[in-house]
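What the coordinates show
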Amino acid sequence: MAKQEDIFKNVVSHAKEYGFIFPSSEVYDGLSAVYDYAQNGVELKKNIREYWWKAMVQMNDNIVGLDAAILMHPTTWKASGHVDAFNDPLIDNKDSKRRYRADVLIEDYAEKLNQKAVKEIEKAKVRFGDAFNEAEFVATNARVVEYKAKERAILERMARSLGNEDLADVKALIEELEIACPESGSRNWTEVRQFNLMFGTKLGASADSAMDLYLRPETAQGIFVNFLNVQKSGRMKIPFGIAQTGKAFRNEIVARQFIFRMREFEQMEMQFFVRPGEEMKHYEFWKEARLKWHLSLGLGRENYRFHDHEKLAHYANAAADIEFNFPFGFKELEGIHSRTDFDLKAHEQYSGRKLQYFDAELNQNYVPYVVETSVGLDRMFLAVFATSLKEETLEDGSTRTVLKLPTVLAPTKAAVLPLVKKDGLPEIAHQIIADLRWDFNVAYDEKDAVGRRYRRQDALGTPFCITVDHQTVEDQTVTIRHRDTMKQDRVKITDLKSIIENEVSMKNWLMKM
Ligand code: GAP
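Predicted, not measured: the structure shown is a model, and the values here were computed from it.

Rules behind the numbers
Residues numbered from 1 in each chain as written. Predicted model: local features only at pLDDT ≥ 70, side-chain atom pairs only at ≥ 80, totals over all residues. Heavy atoms only, no water. Near = heavy atom within 4 Å. Polar contact = N/O pair within 3.5 Å; in protein donor to acceptor, adjacent residues only side chain to side chain. Areas by Shrake-Rupley, 256 points an atom, 1.4 Å probe, with all protein chains shown as cover. Nonpolar A, V, L, I, M, F, W, Y, C, P; charged D, E, K, R; others polar. Domains from an automatic or database assignment. Contact = heavy atoms within 4.5 Å. Buried area = accessible area lost by both parts, 1.4 Å probe. Core = buried A, V, L, I, M, F, W, Y, C linked by side-chain atoms within 4.5 Å. Buried < 20%, exposed > 50% of the residue type's maximum accessible area, 1.4 Å probe, protein only. Helix = DSSP H or I, 4+ residues; strand = E, 2+ residues; numbered from the N terminus. Pairing = 2+ DSSP bridges.

1. Considering the site of the ligand
The immediate surroundings of the ligand are formed by 22 residues, with Glu218, Met262, Glu269, Glu332 and Leu333 found nearest. At 2.8 Å from a nitrogen atom of the ligand is found a side-chain nitrogen or oxygen belonging to Glu252. At a separation of 2.8 Å, an oxygen atom of the ligand approaches a polar backbone atom of Leu333. Burial of the ligand by the protein amounts to 94% of the accessible area it has alone, namely 560 Å². Classifying every residue of the shell around the ligand by side-chain character gives seven nonpolar, five polar and ten charged.

Rendered as structure tokens:
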């Protein structure tokens, strides 16, 4: 089996070779943790965004969209707590000169304990077979109990220390656990200190009158400050949601792992405004609803898990991640947070304006509570892309690389290929494209032997190849080849639209939710 590292390298090189993702400004050797989406990547990304928007906004009566500006009044970030609290605890290794997030070093250590427990459970499963009772084993097996207790204690202590801004204790924990620098193996650490993640910029021409601004580190605040505008102009009744997709910026310290952690990235967020006291009901609802949305894409239930937060962000009273099994292990894909009335109350306080809702049923004014769902579009891209990339050995012993993307997300839905570049076949192929392109993104390809063209479309994730041959001239039929099975059917040109539609329509995919 290929090593995780090799799989990941393969993902990165495939994304570049087939026009999905390029390093930003590569002619100048790139910019760390910033990437450009190329001709196929931009289509896949757009399709993921639309899949989210359809499910979140257009399929819900009580959720509307918004597109707020990236630049916002700087007081926004004071009120939201980002100026004071949007920090990462950093630690440097004095020997390797590498910089790390102290909390990530500790979490990685805790995850190793968890993995040890998982291994014990797996071994016991094999040993006991059908008679295995996992819950009982986890509760009673001495080793598993010890690993789990240790893991919990470490995470709880870290959460406490970070909550109390006790950075000395965070360092003490790293030392007590004897955590070494992954690069140098040394335990020669600096003190832990906080580093603010927001990018600053300036508004205005002259140095004296310029105003200090920030590039937004999350899209959510654009929703909060527009809460009352949307509620009033849309006559929205609580509970209701506001959704938006857009760029966010963070000066990430540990910015590795390709598009998993970027300095400029895109979020898809929804804030659901609810009655105070009812937030937990909505929080549980959205946790399940969001998992169902992910599962509808068919990447496999085993690739998702929930992770409930021990260490809560400054605005939350409950929070969970949906983690995905990326090529480098389970990591956060989406966050679901119960943000209380923290943000709206803070904006009331800093702006001096009321941000309240009159609940006619209760005959009462209040600041709503908020449940938020927040997923990274780039992380979704990586999850879908990496899981879909397969190397298959065929019956004749040859291999093929195929990108088995959920067809609803595929950048190109069909490629139309004339068998030869003469005898009127290209003209028919162009006519088929002219008809299909009103409904789908389709491509034309006449270069190389048809077998090679099939392979190229497999690597691009195109669900269908339509081949125009000499029989087409006679009877207006073509062959249609299915990417995943490589099966070919002879069909009428007039049936193509419905065949493709049936496979790629968003409705059919979202109905699986
Ligand atoms: N409004 C809440 C919020 O921003 P978050 O957990 O910091 O919460 C939400 O971010 C999601 O945004 C994450 O689950 C992740 O998918 C994505 N995300 C965060 N930082 C990112 C980064 N540096 N690069 C790519 N995606 C990121």
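2. Section: the domain arrangement of the protein chain
Domain boundaries in the protein chain define domain 1 (1-72 + 213-303 + 317-390), domain 2 (87-196) and domain 3 (394-510). Distance from the C-alpha centre of domain 1 to the C-alpha centre of domain 2: 27 Å. Across the boundary between the two partners, domain 1 contributes seven residues, which contact eight residues of domain 2. Between domain 1 and domain 2 lies a buried interface of about 580 Å² when both sides are counted; carbon and sulfur atoms form 56% of it.

3. Quick word on the nonpolar core
In terms of nonpolar packing, the biggest core is built from 62 residues, with Phe20, Met380, Phe381 and Leu382 touching the most fellow members. By residue number, the principal contributor to this core is helix H13 (residues 377-388), which donates eight residues. Of the residues that make up this core, three or more belong to each of domain 1 (1-72 + 213-303 + 317-390) and domain 3 (394-510). The residues touching Phe381, leaving out its near neighbours within four places in the chain, are Phe20, Ile21, Tyr37, Gly41, Leu44, Lys45, Ile48 and Ile259. Ranked by size, the runner-up nonpolar core spans 27 residues in total, among them Ala102, Tyr147, Val170 and Leu173.

4. As for the pairing of strand E23 (residues 488-492)
A regular strand places its side chains on the two faces of the sheet in alternate fashion. Pairing analysis gives five bridges linking strand E22 (residues 477-482) to E23, with the strands arranged antiparallel. The partner of Arg481 across the bridge, within E23, is Gln488. Counting the residues in the hairpin turn of E22 and E23 gives five residues, including Met486, whose phi is positive at 60 degrees.

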